[in-house]
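The lines below spell out each chain.
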Amino acid sequence: MSVSDKDPSQQKPVVELKGVEKRFGTFTALQRMDLTIREGEFFTLLGPSGCGKTTTLRLIAGFELPSDGQILIAGQDVSQVPAHLRPVHTVFQNYALFPHMSVLENVAFPLTVRRIGKAQRLERVRAALDLVQMGAFAGRKPSQLSGGQQQRVALARALVNEPRVLLLDEPLGALDLKLRKEMQAELKAMQRRLGITFVFVTHDQEEALSMSDRIALMKGGEIVQLDTPTGLYDRPVNAYVADFIGETNMIPARVIETDAETALVEAMGTRLRVSGTQGAAAGSDVQLAIRPERVCEDMAELENTAEGILADVEFIGTDLRMTYRMPDGSRVVMRRQNSGRAVPQPGETRRLGFRQDDLRLFSR
Amino acid sequence: MTARAKAPGWFLRRVVHGAPGWITLLTYLFMLLPFAVLITFAFNAGKSTVVWTGFSFRWFEKVVSNGNILDAMQVSLIVAVASAAVSTAIGATAAVAITRRSFPGRDVLGAALAAPLVLPEIVLAVALLMFMSFAGMTLGYTTLIIGHVLVSIPFATLIVRAAASSLDPRLEDAAADLGANEWQTFTMVTLPQLIPAIFTAFILSATLSFDNLVMSTFTSGVGTTTLPLRIYSMLKLGITPEINALGALMVLANVTILLLVMGRYLPLMLKTNRR
């Protein structure tokens, strides 16, 4: 194809969902979803189980047909096209390797059903197996492989036919932590190298943040926020996003006054100035959110401070996680790098600083 | 005395503890002893099946030179293979349809295919005979095979159905996802995984047909006397070790088939069903 030499950052849509709705009986799994996935990006559908992320993937793959709306792949309307005629391949959570076929036959399957000649087939299978470093295992049966190896074979099988889009349904879910980290890095590197669009489904926010170009965070069959990993982490649109992605302190607060750029709120027994009002009116009850690693102990140039009693110190290797009890009874968790300095003792009263840009307001 | 004082009721405990084992052993003896006696007297030199007079192969020689028995055996083999092929084909197709597809009346079809299992075979046989004479069919191979298919079809269906329902439906999704159409998915993914079960269904159907007496009584015609029917009519003329010898040969054949099936396909089935 002529697109292969183009820059992947060029924002050309490869998968488009237009007002797609999916109902199972009376249950609506997906509510009027509009989504555009761009050529060559690593796109992640993130959310808790039952949020509709897997349904979205199955709709793109063609295992489910939409109750309403349109699905376009590479500009073609495939809404009613069955799975086997769509230019997408899937890597399944349980790998779904064919147990009666060898690794070689498994990887050759997409080529065999397309009646590609034996010589070319073998050559492409070899290349795909080498890509995932499984060349030495071609003669084995899937039952003779470990989980990680089966995963690699499943990946080779999905890539051998060079799909426009690769769909990955929680592919790392069954692997242990160490292997999982390895595969994350490898998948990401592979995606960069091949330039194939990856649509990745996971419930693991850390995995999503570390691998994706863009993430759609879903809840109850809808996209709550679609953004880059940094956007999702630093500029969550609501309390749900802030809570789902990473750790967040949620502190009850009341808005005292607002001006064009900032709001003054009362929280933790003091008054704090916050950048952005998020549409909150004076007098309303809100939640004040701040990430534990953005709470400062260094008071220099800080406009907002509050005093708290150190209630608990948790030592987690690279970091110290300290819980403060504030004068109004709320708790604030602070994270600081383990710099080797003395560990503070519980019971100490300390002054904490909050940069106004790090504070966010959410309606309660 | 001291031992008993230490553990009162030791005898009863031992009996209770050992009971399941003893009962199992006795049950097996009860089931297998007649076979042992039958096979032993197949080698008897005399004409009696109760008094041992010496060792001889003469009854085996008599069996293999008895034209009636050989004819009956040929009929039985033809009917067994034909009816097993038909009922395995129908059973496997139905099993795949019932477990892998959804269509109206699916549950009814599933129940209907298992019905001959619980209906008394003799009623089934009488009904079939009446239907056949109503349809004007002459009793012979065709009627015999139809009857045997009716008897073995529930077993064939159940076996393939069990295997089909333990298949991972995600494998069919995967095949479709990778570009296989429905026919390719069936022939390349679904069917190969069912082969061991289909083979087992075939062997079981053939065995059921080979042993069948009730259905054969009603559906066989002139010149299509099956082996069980022949044995039954021989018994009417008196019991000789010739029947013992024939019985011994049949046991040998059955055990051989069983061992063949188990040795070749059991490990394969276990492997396929492992996740």
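Cut-offs used in this document
Residues numbered from 1 in each chain as written. Chains lettered and ligands numbered in written order. Predicted model: local features only at pLDDT ≥ 70, side-chain atom pairs only at ≥ 80, totals over all residues. Heavy atoms only, no water. Helix = DSSP H or I, 4+ residues; strand = E, 2+ residues; numbered from the N terminus. Rg over C-alpha atoms; globule rule 2.2 N^0.38 Å. Axes fitted to C-alpha atoms, helices over the stretch in contact; angles between N-to-C directions. Left-handed = near helix turned anticlockwise from the far one by under 90°. Contact = heavy atoms within 4.5 Å. Nonpolar A, V, L, I, M, F, W, Y, C, P; charged D, E, K, R; others polar. Domains from an automatic or database assignment. Salt bridge = Lys/Arg side-chain N within 4 Å of Asp/Glu carboxyl O. Polar contact = N/O pair within 3.5 Å; in protein donor to acceptor, adjacent residues only side chain to side chain. pLDDT = per-residue confidence, 0-100. Patch = residues over 30% accessible without salt bridge, like charges linked within 9 Å, V, L, I, M, F, W, Y side chains within 5 Å. Areas by Shrake-Rupley, 256 points an atom, 1.4 Å probe, with all protein chains shown as cover. Buried < 20%, exposed > 50% of the residue type's maximum accessible area, 1.4 Å probe, protein only.

## Observations concerning the overall build of chain B
Right, so step 1: Helix and strand counts for chain B stand at 12 helices and zero strands.
Right, so step 2: Taken from the N to the C terminus, the helices and strands of chain B come in the order α-α-α-α-α-α-α-α-α-α-α-α.
Right, so step 3: Taken against the 2.2 N^0.38 rule, which gives 19 Å for 275 residues, the C-alpha radius of gyration of chain B at 25 Å runs more than 25% over that of a compact globule.
Right, so step 4: For chain B, the spread of C-alpha atoms along the principal axes amounts to about 70 × 70 × 35 Å.

## Re the packing of helix H6 (residues 121–134) of chain B against helix H7 (residues 141–165) of chain B
Residues and elements named next belong to chain B.
Right, so step 1: Two elements in contact, H6 and H7, have axes separated by 11 Å at closest approach and are oriented at 145°. The two elements H6 and H7 meet at a crossing, and its hand is right-handed. Here Glu-121, Leu-124, Leu-128 and Met-132 of H6 come into contact with H7, specifically with Thr-143, Ile-146, Gly-147, Leu-150 and Val-151.
Right, so step 2: Looking at the contact of H6 with H7, its residues break down into six nonpolar, two polar and one charged.

## Quick notes on the domain arrangement of chain B
Many analyses report the size of an interface as the accessible area lost when the parts associate.
All names here are of chain B.
Right, so step 1: By the assigned domains, chain B splits into domain 1 (12–58) and domain 2 (67–250).
Right, so step 2: Every contact between the two is made by nine residues of domain 1 and, on the other side, seven residues of domain 2.
Right, so step 3: Our count for the contact surface shared by domain 1 and domain 2 stands at zero salt bridges.
Right, so step 4: Summed over the shared surface of domain 1 and domain 2, the result is one residue pair in polar contact (both at pLDDT 80 or more).

## Section: the environment of Arg23(A)
Residue and element names in this part refer to chain A.
Right, so step 1: Mapped onto the elements of the fold, Arg-23 is located in strand S1 (residues 13–24).
Right, so step 2: A sequence separation of 42 residues divides Arg-23 from Leu-65, and the C-alpha atoms of the two residues are 10.0 Å apart.
Right, so step 3: Excluding residues within four positions of it along the chain, Arg-23 makes contact with Thr-28, Ala-29 and Ser-67.
Right, so step 4: Among the polar contacts made by the side chain of Arg-23, one reaches the side chain of Glu-21 at a distance of 2.7 Å.

## Points about the confidence of the model for chain A
Right, so step 1: Per-residue pLDDT for chain A averages 89, and the proportion of residues at 70 or more is 96%.
Right, so step 2: Confidence over residues 1–8 of chain A falls short of pLDDT 50; this stretch has five contacts with residues more than four positions distant or in other chains.

## A word on a nonpolar patch on the surface
Residue and element names in this part refer to chain B.
Right, so step 1: Taken together, the side chains of Ile-122, Val-123, Val-126, Met-130, Leu-213, Val-214, Tyr-232, Leu-235 and Ile-239 make up a nonpolar region of the molecular surface, amounting to roughly 770 Å² of accessible area.
Right, so step 2: Elements that contribute at least two residues to the nonpolar patch include exactly H6 and helix H11 (227–236).
Right, so step 3: Sort the elements by how many residues they give to the nonpolar patch and H6 lands first, with four residues.
Right, so step 4: Position of Leu-213 among the secondary structure elements: in the loop between helix H9 (182–211) and helix H10 (214–219).
Right, so step 5: For Leu-213, a relative accessible area of 31% translates into the label partly exposed.

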